[in-house]
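Read off the chains here:
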Amino acid sequence: MATMIDLRSDTVTRPTLAMRAAMAAAEVGDDVYGEDPTVNLLERRAAETFGREAALFVPSGTMGNQIAIRLHTQPGQEVIAESRAHILNFEMATTAVFSGCLIRAVPAARGILTWKHIAPAIVARGAFRSATGLIEIENTANLAGGSVTPLPVLQEIWDNAKERKLPVHLDAARIFNAATALGVDVKTLTSGFDTVMFCLSKGLGAPVGSMLTGSAEMMDRARIFRKALGGGMRQVGILAAAGLVALEQGPARLHEDHANARLLAEALSNMEGVAIDLKDVETNIVIFRLTGRQPAAELVERLKGHGVLASAMGPDTIRLVTHLDVDRAACVTAAEVLGEEIDAA
């Protein structure tokens, strides 16, 4: 079977040889008892990387985000988030089910919330409307094409939220991509958030797992909510070992994914029947729109027949995501296939 060029997501990567070796050699224990040495090491490394007191290993970014929301809110409150946020669109309404909160969706250009967007959406405690309990930011913004929120924008949010006594959580699934694009380390880029969730299994290439970071007191409470969500994983050092390799080795090569995304975007910008704004392509995600009559789902199916996997994100919108399992040559081939199939429509 011919190898597929899989551009559906950066979650499709397979463990590297270094990850497989680390997994095979991992020292393990029961993590629910706090006795898995490899998990404990990963949590310490994550906390150190982000300048936090503690961190918690969780199976998924969704679980990490939802634990954070539960930590910061009370039932009946609102969570302010951008209208394309992952917590609203891809987390199965868990904010409502698990925390009893409503997400107040705020549209913003390129998915980048600023304080000017947030301030009018804040509701104080009163008798007629549910009060704001949390502000949530996503950096990079997945559904907005991997757009990056700059540090000065974040600093304004941190300062004003602190003045309002509102906690701020960061969905940092691809924060290392944001840091690479901005040339700012992740510790600085996330320093004003109360909690930060980042994924090991997206751009960094681990087979599974995410981290939630924050104060020691919050992470102690987070363990309770992780157990409530079924996230007690016992001898999970086998997975944490791959996460350690991803955390230590993954960030240094992300610029390659960004360059490959730019290659695809530039090729698409020269094709008839495609609408794409190159300035929106900052990291490893490329979203483009078909301007002809061909539905996105139909093109995705045709691409699959020619060895390229992509995601239809709407009737006329397609997403491509670059990652460590798709090299420069594969992206050149994918661009050629895209051109042929779009032109043939």
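Structure shown above.
What you see is a predicted model, and the numbers here were worked out from it, not measured in a lab.

Re the overall build of the protein
Then comes step 1: Of the regular secondary structure elements, the protein holds 14 helices and 13 strands.
Then comes step 2: In summary, the protein has a C-alpha radius of gyration of 20 Å against a globular reference of 20 Å for 345 residues, a match within 12%.
Then comes step 3: In terms of its C-alpha atoms, the protein occupies a principal-axis envelope of roughly 55 × 55 × 35 Å.
Then comes step 4: The buried share of the protein, taken over its 345 residues, is 54%.
Then comes step 5: Of the contacts formed within the protein by residues at least 6 apart in sequence, a portion of 75% connects residues at least 24 apart.
Then comes step 6: On the protein, the mean spot of the 33 positive side-chain charges and the mean spot of the 40 negative ones are 5 Å from each other.

Overview of the nonpolar core
Then comes step 1: Ranked by internal contacts, the top residues of the largest apolar core, which has 51 residues, are Ile118, Ile137, Ile175, Phe176, Phe198 and Leu200.
Then comes step 2: The residues contacting Ile175, other than those within four sequence positions of it, are Phe50, Asn139, Leu170, Val186, Leu189, Thr190 and Phe198.
Then comes step 3: Ala261, Met271, Ala334 and Leu338 belong to the second largest nonpolar core, which has 30 residues in total.

With respect to the pattern of salt bridges
Then comes step 1: Overall, the coordinates contain 17 salt bridges when judged by the stated rule.
Then comes step 2: Salt-bridge contacts for Arg253 lead to Asp257; the nearest nitrogen and oxygen are separated by 2.5 Å.
Then comes step 3: Residue Asp277 is joined to Lys279 by a salt bridge in which the shortest nitrogen-to-oxygen separation is 2.6 Å.
Then comes step 4: Asp277 gets classed as partly exposed once you look at its relative accessible area, which sits at 34%.

Points about the packing of helix α13 (residues 296-305) against helix α14 (residues 328-344)
Then comes step 1: Across the interface, α13 lies against α14 with an axial gap of 10 Å and an inter-helix angle of 130°. With respect to each other, α13 and α14 are oriented oblique. Judged by the twist between their axes, the crossing of α13 over α14 is right-handed. Counting all contacts with α13, which are made through Leu299, Arg302 and Leu303, the residues of α14 involved are Val337, Leu338, Glu341, Ile342 and Ala344.
Then comes step 2: Its residues assigned to classes, the contact of α13 with α14 comprises six nonpolar, no polar and two charged.

Observations concerning the sheet that holds strand β10 (residues 285-290)
Then comes step 1: Here four strands make up an open sheet; going across it, the order is β9-β10-β13-β12 and the pairing antiparallel. Across the chains shown, the open sheet's two edge strands, defined by having one partner strand only, are β9 (274-275) and β12 (311-312).
Then comes step 2: Sheet topology note: the β12/strand β13 (residues 317-321) ladder contains two bridges and is antiparallel. Residue pairing for β13: Ser311 is matched across the bridge by Arg319.
Then comes step 3: Its contacts with the sheet place helix α12 (residues 254-269) against β9, β10 and β13, and it is angled at close to 15° to β10.

Parameters at a glance
- Residues numbered from 1 in each chain as written.
- Predicted model: local features only at pLDDT ≥ 70, side-chain atom pairs only at ≥ 80, totals over all residues.
- Heavy atoms only, no water.
- Helix = DSSP H or I, 4+ residues; strand = E, 2+ residues; numbered from the N terminus.
- Rg over C-alpha atoms; globule rule 2.2 N^0.38 Å.
- Buried < 20%, exposed > 50% of the residue type's maximum accessible area, 1.4 Å probe, protein only.
- Contact = heavy atoms within 4.5 Å.
- Lys, Arg positive; Asp, Glu negative; His and termini not counted.
- Charge placed at Lys NZ, Arg CZ, Asp CG, Glu CD.
- Core = buried A, V, L, I, M, F, W, Y, C linked by side-chain atoms within 4.5 Å.
- Salt bridge = Lys/Arg side-chain N within 4 Å of Asp/Glu carboxyl O.
- Axes fitted to C-alpha atoms, helices over the stretch in contact; angles between N-to-C directions.
- Parallel < 35°, antiparallel > 145°, perpendicular 65-115°, else oblique.
- Left-handed = near helix turned anticlockwise from the far one by under 90°.
- Nonpolar A, V, L, I, M, F, W, Y, C, P; charged D, E, K, R; others polar.
- Pairing = 2+ DSSP bridges.

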